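# Coordinates in review
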Amino acid sequence: MRTKKSLFLMMIFTLIMALGCQKQEIAPKEQDLVRVKSIKGEDSKKVILLQIDSLMAQAIDRGIAQKELPTIQFLIENGQYYKNVVSSFPTMSVTIDCSLLTGAYPDRHHVPGLIWYSMKDRKLINYGTGPMEVIKHGVDPVLVDALVNLNGSHLNRKLPTIYEDLARLGLKSGSINGLIYRGNMDHNLTIPPWIQVPASLPKTIPVKGPDFLALGSLSDPLEDIKKMPDGLISRMGLNNQFSVETVKYLIEANKLPDFLYVYLPDLDQKLHKKGPSELDGVKKLDQQLHSLLQSFDSPKEALDKVIFILVGDSGMTQILPARENPVIDLPSFFSGYKILPQGETATGETEIVLAVNETMAYVYNLKADKPLRDIADLLKTDPRIDIISWKEKEWIYAIQGENSKELRFKANGKLIDPYQQKWTVEQNAEVLDLKINTQHHTLKYGHYPDVLQRLSGALFSHPGNYLVVTAKPGYELAGTSSPTHKGGGGHGSLGQAESLVPLIVSGTDQKPQYLRLIDVKSFLLKLLAKQ
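To keep things clear, this report deals only with the structure shown in the data block. (Residues numbered from 1 in each chain as written. Predicted model: local features only at pLDDT ≥ 70, side-chain atom pairs only at ≥ 80, totals over all residues. Heavy atoms only, no water.)

What follows deals with the sheet that holds strand β2 (residues 79-86). Taken in spatial order, the 7 strands make up an open sheet running β2-β24-β10-β1-β9-β5-β8, and their pairing is mixed. Of all the strands in the sheet, just β2 and β8 (212-214) have a single pairing partner and so form its edges. Within this sheet the neighbouring strands show an average axis-to-axis angle of 10°, counted without direction. The pairing of strand β1 (residues 46-52) with strand β9 (residues 259-264) spans 6 bridges and is classified as parallel. Paired with Leu 50 across the bridge in β9 is Val 262. Running at roughly 175° to strand β10 (residues 306-312), helix α18 (residues 520-530) makes contact with β1, β9, β10 and β24 (500-506) of the sheet. (Pairing = 2+ DSSP bridges. Helix = DSSP H or I, 4+ residues; strand = E, 2+ residues; numbered from the N terminus. Axes fitted to C-alpha atoms, helices over the stretch in contact; angles between N-to-C directions. Contact = heavy atoms within 4.5 Å.)

As C-alpha cells, then:
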C-alpha cells in the first residue's frame, strides 16, 4: 500500500533496477519445514489469516450479486462477514501491517508510514513509494530500510508481534510474503549477487522471524522441493501465486503451523491503475482461494480443520481524471522555503521536509521559531485539502482545509467513544464529524472512523515537529517525485472509503471484540488459546 504499487512491487522494482537477471544460489531452508508443524496434533484447529491488499466490501458484494465469487460466497455463508473494520492510519502498507500484527496504532509500534522523516538520522525513511522517488532516494537506502531496519530497529522492539507472543505460548507460526515478520527464530534472507554490489548488501542478511518464513525468492523454504513462481517476471515470488502455492504445500504435506499469516498483494496494483470499481482482480483472487480449498478433501473438511480469516488492509477512493486537477502539489505551498530533496541529509538550512503517503502526508517544520499553525495557514487555502492536524503538548489541533473551522482534543476526559476510549473535545466537533452527546457523555464517529485515536497514533508515532495533512476524496497529495494515480485509485487518508475494510471469518463462531484491525491480534490469540 504505498503509492500503493504495493511496497512489494516497489521492492521488486528496486531489485530489478539494480541490474542483472541470474538465478541466485540459496542455502537450503529445510529447518523451516522441520520445525513448522504444530505440536498440538491434527485434532487442534489451525488458523490461516489471509491479508488481501486493497480488498473492499463493495467489490465482494458486487461480485457475489453477479455470481462471480463462489469461493468467497461459500466462506461468507459458512462464517461471518463484516464490512466496516477500521484500518490503521495512515492507510498505507507497512503501517497497517504493523498495526495488524502488533495490535497497536503507530504511536506504539513506531512505523509512521511508507515514507517518514527520522529526526535521529536527519533523512527521509522510504520503504519504497514509487520509481522516481526510489531513484532519487537511492536504491541502497530503500533496500536497507525495507529489508534490514524495518523489522530490525524501526518496529518497536518492546512491542511484541503475534509471532513472538505465540512462541511464548509454545505455539508454531509462519509468515508467507509478509513484510512484517519479526519473531524468535533465526533465518537468513539471501540477496542475489546482482543486487549485492550495486546495493552494498551482503550475500545473506540474518533476521528473526516465525518458525516458517517465506518471502519470495529472498527466503523460500520450498526451493529444493517445489518449482515456484519466483523469477523476475513473477516479481521474485512476491505475488499471489507464490503465496497460495506455499500454503497448499503446507496443507498437503500436513505441516501447517498453529497460525499462518499469508499476504496476497496482486489486487492492489489493479485498483491503483483502474480504480476501486475494478472487479477482475477479485475474480482472480476467488479462483486462487478455490485452488487453496481444493488442497483438502472437501470444503467442509477445510472448515473442520482450519479457521480461515480473510481481511483487507485499506480501502481506496477514486482519483479524479487529470482534467479535473486532482494532484495537490505540496512543494508549491513552500516556494520561499528550503525543502529537503529526496536522498539528501537535512542541514541547518533545511526548513521543510515532505513525506507524502498518497492521500496523506507528513509535513515537517525544522525551524523551531516557525509555529506549525503558520504552516497550516499556508495549506488551508487549497479547497482540495481536507484535514490539517498537529500536536501542541498533550493537545491535538485539527482544522478543515476549506473553511478553517477548528477543533482540539486530548486523551482522557468525560466523553467515551464506542471503543471505550475517553476524550476531551473542545470547539467545533464538525471538523472531524463527531457526534457528541453531552448529557450521556458519549462520542460517536461519522465520516472518519476512530479518528481521535488514529490521528493521535500518527501524531505521536515518532519524534518531530510536524503536521498531518489529508486530501479530500478524489484528490491526492504529491511531492517532487511522488507517484500519482489520476483516474485510478488512491488511499492513505482518514475517510470511510479508505479506512473501512472487510473481514470474513469462517470455521468458528467466535467474534472479535471490536471491528478494528488493531483488535484482530487479540482475537487471534484468543482463538488459538482455545484450540
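Here we come to unusual backbone geometry. The amide bond that connects Phe 89 to the next residue, Pro 90, takes the cis arrangement and shows omega of 0°. Counting through the fold element by element, Pro 90 comes out in the loop between β2 and α5 (95-102). In this structure, Asn 325 takes a positive phi of about 55° despite not being glycine. Residue position: Asn 325 is located in the loop between β11 (317-318) and β12 (327-329). On the accessibility criterion, Asn 325 (47% relative accessible area) is partly exposed. Not every positive phi belongs to a glycine, and Glu 358 is a case in point at roughly 60°. By the element assignment, Glu 358 lies in the loop between β13 (352-357) and β14 (360-365). For Glu 358, a relative accessible area of 3% gives the class buried. (Buried < 20%, exposed > 50% of the residue type's maximum accessible area, 1.4 Å probe, protein only.)

For helix α3 (residues 57-65), the complete set of buried residues consists of Ala 57, Ala 59, Ile 60 and Gly 63. The buried residues of α3 occupy an angular sector of 160° when the element is viewed end-on, so they sit on one face. Looking at the packing, one finds that the buried side of α3 touches α4 (70-77), β2, α13 (280-293) and β24. (Arc of directions from axis to C-beta.)

Per the stated rule, a full pass over the model turns up 11 aromatic pairs. Taken together, a centroid distance of 6.1 Å and an interplanar angle of 40° make the contact between Tyr 362 and Tyr 364 tilted. Given a relative accessible area of 0%, Tyr 364 falls into the buried group. Plain terms: the ring middles of Tyr 419 and Tyr 514 are 5.6 Å apart, the flat faces sit at 80° to each other, and that makes the pair edge-to-face. Here Tyr 514 lies in the loop between β24 and α18 and Tyr 419 lies in the loop between β17 (406-416) and β18 (422-427), a separation of 95 residues in the sequence. Accessibility assignment for this pair places Tyr 419 and Tyr 514 in one class, buried. (Phe/Tyr/Trp six-rings, centres within 6.5 Å; stacked < 30°, edge-to-face > 60°.)

Within the secondary structure, Ser 54 is located in the loop between β1 and α3. Put simply, Ser 54 and Gln 241 are 187 residues apart on the chain and 17 Å apart in space, counted from C-alpha to C-alpha. A polar atom in the side chain of Ser 54 sits 3.2 Å from the side chain of Asp 53. (Polar contact = N/O pair within 3.5 Å; in protein donor to acceptor, adjacent residues only side chain to side chain.)

Let us now look at α18. Helical geometry note: an α-helix holds 3.6 residues per turn, so side chains three or four residues apart project in the same direction. Here α18 has its buried residues at Val 520, Lys 521, Phe 523, Leu 524, Leu 527 and Leu 528. Down the axis of α18, the smallest arc covering the buried residues is 160°, so these residues share one side. Every exposed residue of α18 that faces more than 90 degrees away from the buried side is listed here: Ala 529 and Lys 530. Residues of α18 that are buried in the fold lie against β1, α5, α9 (162-168), β9, β10 and β24.

Turning to the packing of α4 against α13, a few remarks are in order. When two helices pack together, their arrangement is captured by the angle between the axes and the distance separating the axes. Between α4 and α13, the shortest axis-to-axis distance is 7 Å and the interhelical angle comes to 65°. Viewed along their axes, α4 and α13 adopt a mutual orientation that is roughly perpendicular. Across the interface between the two elements, Pro 70, Thr 71, Ile 72, Phe 74 and Leu 75 of α4 pack against Val 282, Leu 285, Asp 286, Leu 289, His 290 and Leu 293 of α13. A per-class count over the contact of α4 with α13 returns 8 nonpolar, 2 polar and 1 charged. (Parallel < 35°, antiparallel > 145°, perpendicular 65-115°, else oblique. Nonpolar A, V, L, I, M, F, W, Y, C, P; charged D, E, K, R; others polar.)

A few words on the pairing of β14. Burial runs high along β14: 6 of the 6 residues are buried. Side chains Met 360, Tyr 362 and Tyr 364 of β14 all project onto a buried face; the interleaved residues Ala 361, Val 363 and Asn 365 project onto the opposite face, where all are buried too. Looking at chain direction, β13 and β14 are connected through 6 bridges and run antiparallel. Counterpart to Val 353 in the pairing with β14 is Tyr 364. As paired elements, β14 and strand β21 (residues 466-471) share 5 bridges and run antiparallel to each other. Its bridge partner lying in β21, Tyr 362 is registered against Val 468.

It is worth spelling out the side chain of Ser 219 at this point. Mapped onto the fold, Ser 219 is located in the loop between β8 and α11 (240-252). On the basis of relative accessibility, which here comes to 0%, the residue Ser 219 falls in the buried class. There is a polar contact of 2.8 Å between the side chain of Ser 219 and the backbone oxygen of Leu 213.

Turning next to the pattern of salt bridges. Inspection of every chain in the model, using the stated rule, returns 23 salt bridges. With a shortest N-O distance of 2.9 Å, Lys 226 and Glu 245 are connected by a salt bridge. Here the residue Lys 226 occupies a position in the loop between β8 and α11, and Glu 245 occupies one in helix α11, the gap between them amounting to 19 residues. We note a salt bridge from Glu 430 to Lys 405, for which the minimum N-O separation is 3.0 Å. Taken together, the positions of Glu 430 in the loop between β18 and β19 (434-437) and Lys 405 in the loop between β16 (395-400) and β17 put the pair 25 residues apart, joining distant regions of the chain. Through salt bridges with shared partners, a single network forms among Glu 68, Asp 280 and Lys 283. (Salt bridge = Lys/Arg side-chain N within 4 Å of Asp/Glu carboxyl O.)

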